[in-house]
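# Reading the structure
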Amino acid sequence: MNILITGGTGFIGSNLRTLLLQEGHFLTIVSRSPEEYEDETAKNQQFVSWDDNLVPEMEQADAVINLAGSSIFGTRWTDEVKEKIYSSRIECTEQLVECY
């Protein structure tokens with residue numbers, strides 16, 4: 001399957017990515033910093049930026065896994081932090097929906 005993953009470089013996403021690559025899926029990982037993963041050697045994955053036109057990637061995807069958003073670990077959940085966590089997930093999802 002062609003699978004597009006947002007948040008594929010985070011804690012859960014990187015473990016999921018390893019599993020899906022072992023199963024032979026082709027992965028497109030949407031990242032804020034895809035250049036940091038240029039040394040990744042798996043032939044069946046690519047890294048793209050949120051700033052790229054994601055429409056072609058979405059059109060080729062058999063499945064989309066959206067794990068993107070601000071981290072929920074390591075900080076007090078103040079009202080400001082809760083808003084950041086919430087809005088980061090909504091904004092990512094809205095951007096994906098717009099591409100579809």
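Summarised in this report is the structure supplied together with it. Per chain, the residues get numbers from 1 upward, laid out in the order the sequence is written. With the structure being a predicted model, the display of local features is reserved for residues of pLDDT at least 70 and the display and counting of side-chain atom pairs for 80 or more, all residues being used for whole-chain, interface and lining totals. Heavy atoms throughout the structure, all of them, feed into the side-chain values; hydrogens and water do not.

## Description of the pattern of salt bridges
Side-chain pairs of opposite charge can arise whenever the charged atoms involved come near each other. Our working definition: Any carboxyl oxygen of Asp or Glu within 4 Å of a side-chain nitrogen of Lys or Arg constitutes a salt bridge here. Under the scheme used here, helices are H or I runs from DSSP no shorter than 4 residues and strands are E runs no shorter than 2 residues, and both carry numbers assigned from the N terminus. Only protein chains enter the accessibility calculation, which uses a 1.4 Å probe. A residue is then buried if its area is under 20% of the maximum for its type, exposed if over 50%, and partly exposed in between.
According to the stated counting rule, one finds two salt bridges in the structure shown. Where E40 meets R17, a salt bridge forms, and the shortest distance between an N and an O atom there is 3.5 Å. Linking E40 in the loop between β2 (26–31) and β3 (45–49) with R17 in helix α1 (residues 11–22), this pair joins segments that are 23 residues apart in sequence. On the accessibility criterion, E40 (36% relative accessible area) is partly exposed. Look at R17 and you get buried, because its relative accessible area is 8%. The salt bridge involving K82 is made with D79; its shortest N-O contact spans 3.8 Å. Of this pair, K82 and D79 both sit in helix α3 (residues 79–99), three residues apart, which is roughly one turn of that helix. Look at D79 and you get exposed, because its relative accessible area is 64%.

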